Amino acid sequence: VQLQASGGGLVQAGGSLRLSCAASERTFSSYVMGWFRQAPGKEREFVAGISGSGRSTYYADSVKGRFTISRDNAKNTVYLQMNSLKPEDTAVYYCAARYSSGTYYYRTYDYPYWGQGTLVTVSS
């Protein structure tokens, strides 16, 4: 599976961005998708995940209520809508995929497929 993330950029605190991740896989609905982020000098951390059907979503506590993950299986794309952005959200954001009928995967090693990352910078 090849993943291509896009949508990052520079935004002021309180602003919004929407990230997209396009997948090459035709059986996209068979993949659990996740978003992770990595700030400078820090480990990569889980942000949000979504089941293959899109019916189940889950979030890190730090973004709950501000970020929304969704997917369009007809377009082989997963999205991350980020609202009320804070400077501490500054990071490179990665999308990831796992072939699974399950739902809750939070760890980087749960996902064998990764996109190249897109930089989000939130200014104060």
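The coordinates are above.
Rules used in this analysis
Residues numbered from 1 in each chain as written. Predicted model: local features only at pLDDT ≥ 70, side-chain atom pairs only at ≥ 80, totals over all residues. Heavy atoms only, no water. Pairing = 2+ DSSP bridges. Helix = DSSP H or I, 4+ residues; strand = E, 2+ residues; numbered from the N terminus. Axes fitted to C-alpha atoms, helices over the stretch in contact; angles between N-to-C directions. Buried < 20%, exposed > 50% of the residue type's maximum accessible area, 1.4 Å probe, protein only. Disulfide = S-S within 2.5 Å.

Colleague: Go over the sheet that holds strand E8 (residues 77-82), please, and point to the residues and values.
Modeller: Pairing is antiparallel across the open sheet formed by 4 strands, whose spatial order is E1-E3-E8-E7. Looking at strand neighbours, the two that pair on one side only are strand E1 (3-6) and strand E7 (67-72), the edges of this open sheet. On average, adjacent strands in this sheet sit at an angle of 15° to one another, irrespective of strand direction.

Colleague: Explain the pairing of E8 to me, and be specific about the residues and the numbers.
Modeller: With 5 of 6 residues buried, E8 lies mostly within the body of the structure. By the bridge criterion, 6 bridges tie strand E3 (residues 17-23) to E8 in an arrangement that is antiparallel. Bridged to Leu19 within E8 is Leu80. In terms of strand pairing, E7 meets E8 through 6 bridges, oriented antiparallel. Looking at the pairing, Ser70 lines up with Tyr79 of E8. Remark: 4 residues form the turn of the hairpin made by E7 and E8, two consecutive strands paired antiparallel; Asn76 in that turn has positive phi of roughly 55°.

Colleague: Mind laying out the state of the cysteines, listing which residues take part and the relevant values?
Modeller: Following the criterion strictly, the structure yields 1 disulfide and no others. The side chain of Cys21 participates in a disulfide bridge whose partner is Cys95; the two sulfur atoms lie 2.1 Å from each other. An S-S torsion of about 65° defines the bridge between Cys21 and Cys95 as right-handed. Of the two residues, Cys21 is situated in strand E3 and Cys95 in strand E9 (residues 91-99); the sequence distance between them amounts to 74 residues. Like Cys21, the residue Cys95 is buried in the burial classification.

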